[in-house]
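One letter stands for each residue in the lines below.
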Amino acid sequence: MNIDTLREYCMALPAVTEDIKWGHDLCFSVAGKMFCVASLEGPLTVSFKVKDDEFDEMSNSPGIIPAPYVARYKWVLVEEVSALSRKEWEHYVKQSYDLVRAKLPKKLAKQHGLS
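These numbers come from a predicted model, not from an experiment.

Caption draft 1: Spatial organisation of the overall build of the chain. In terms of regular secondary structure, the chain is built from 4 helices and 6 strands. In the chain, the succession of helices and strands from N to C terminus is α-β-β-β-β-α-β-β-α-α. Computed over the C-alpha atoms, the radius of gyration of the chain is 13 Å, within 12% of the 13 Å expected from 2.2 N^0.38 for a compact globule of 115 residues. In terms of its C-alpha atoms, the chain occupies a principal-axis envelope of roughly 40 × 30 × 25 Å. Total accessible area computed for the chain in this model is approximately 6,800 Å², and 52% of it derives from carbon and sulfur atoms. One way to put it: in the chain the 15 positive side-chain charges average out to a point 12 Å from where the 16 negative ones average out.

Spelled out as structure tokens, the structure:
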């Protein structure tokens, strides 16, 4: 996985926007709610939300830790991009998107063409 492939995949999902936050993180959002964050400086690291029942196992896997500041919301930080296969990357990024999208208020989802 590299930043260009990740960006291409995220931007192909419905109603996704991107912006840079905190000066050096590329953030992907659905209806204004973040679902994936990638570092733009240094080696590529990526954070995303996982299912509650996957969090402990994922965050204890080699190359993956609980995401600083947002681990309580079941976000993980992939420090070694090679820790996941391309298929796993696509699965977890899409799952994060779906988890965040599912929590959107109906009105907000409708405004973004997601209902």
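Caption draft 2: Structural view of the packing of helix H1 (residues 3-11) against helix H3 (residues 86-102). Two elements in contact, H1 and H3, have axes whose closest approach is 11 Å; the angle formed by their N-to-C orientations is 45 degrees. By the angle class used here, H1 and H3 are oblique. The crossing of H1 and H3 is right-handed. Residue-level contacts link Thr5, Leu6, Tyr9 and Cys10 of H1 to Arg86, Glu90, Val93 and Lys94 of H3.

Caption draft 3: Just the packing of aromatic side chains, in detail. Throughout the structure, instances matching the rule amount to 3 aromatic pairs. For the pair Phe35 and Tyr97, a centre-to-centre distance of 5.4 Å together with 80 degrees between the ring planes defines the contact as edge-to-face. Highlighted residues: Phe35 in strand S3 (residues 33-39) and Tyr97 in helix H3, separated in sequence by 62 residues. A relative accessible area of 0% means that Phe35 is categorised as buried.

Caption draft 4: Representation of helix H2 (residues 52-59). Every buried residue belonging to H2 is among Glu54, Phe55, Met58 and Ser59, and all of these are buried. Axial view of H2: buried residues confined to an arc of 120 degrees, hence all on one face. Projecting away from the buried face of H2 at angles above 90 degrees are the exposed residues Asp53, Asp56 and Glu57.

Caption draft 5: Looking closely at empty space enclosed by the protein. For the structure on display, the rule yields 1 cavity of 30 Å³ or more. Approximately 30 Å³ is the volume attributed to the largest cavity. Met1, Thr5, Leu6, Tyr9, Arg86, Trp89, Glu90 and Val93 together form the lining of the largest cavity. Taken together, the elements giving at least two residues each to the lining of the largest cavity come down to H1 and H3. When residues in the lining of the largest cavity are grouped by element, the largest group, 4 residues, is from H3.

What counts, and where the lines are drawn
Residues numbered from 1 in each chain as written. Predicted model: local features only at pLDDT ≥ 70, side-chain atom pairs only at ≥ 80, totals over all residues. Heavy atoms only, no water. Helix = DSSP H or I, 4+ residues; strand = E, 2+ residues; numbered from the N terminus. Rg over C-alpha atoms; globule rule 2.2 N^0.38 Å. Areas by Shrake-Rupley, 256 points an atom, 1.4 Å probe, with all protein chains shown as cover. Lys, Arg positive; Asp, Glu negative; His and termini not counted. Charge placed at Lys NZ, Arg CZ, Asp CG, Glu CD. Axes fitted to C-alpha atoms, helices over the stretch in contact; angles between N-to-C directions. Parallel < 35°, antiparallel > 145°, perpendicular 65-115°, else oblique. Left-handed = near helix turned anticlockwise from the far one by under 90°. Contact = heavy atoms within 4.5 Å. Phe/Tyr/Trp six-rings, centres within 6.5 Å; stacked < 30°, edge-to-face > 60°. Buried < 20%, exposed > 50% of the residue type's maximum accessible area, 1.4 Å probe, protein only. Arc of directions from axis to C-beta. 1 Å grid on protein atoms, 1.4 Å probe; cavity = no way out; pocket = protein on both sides within 12 Å on 5 of 7 lines; lining within 4 Å. Points joined across faces, edges and corners; volume = space filled by probe spheres on them.

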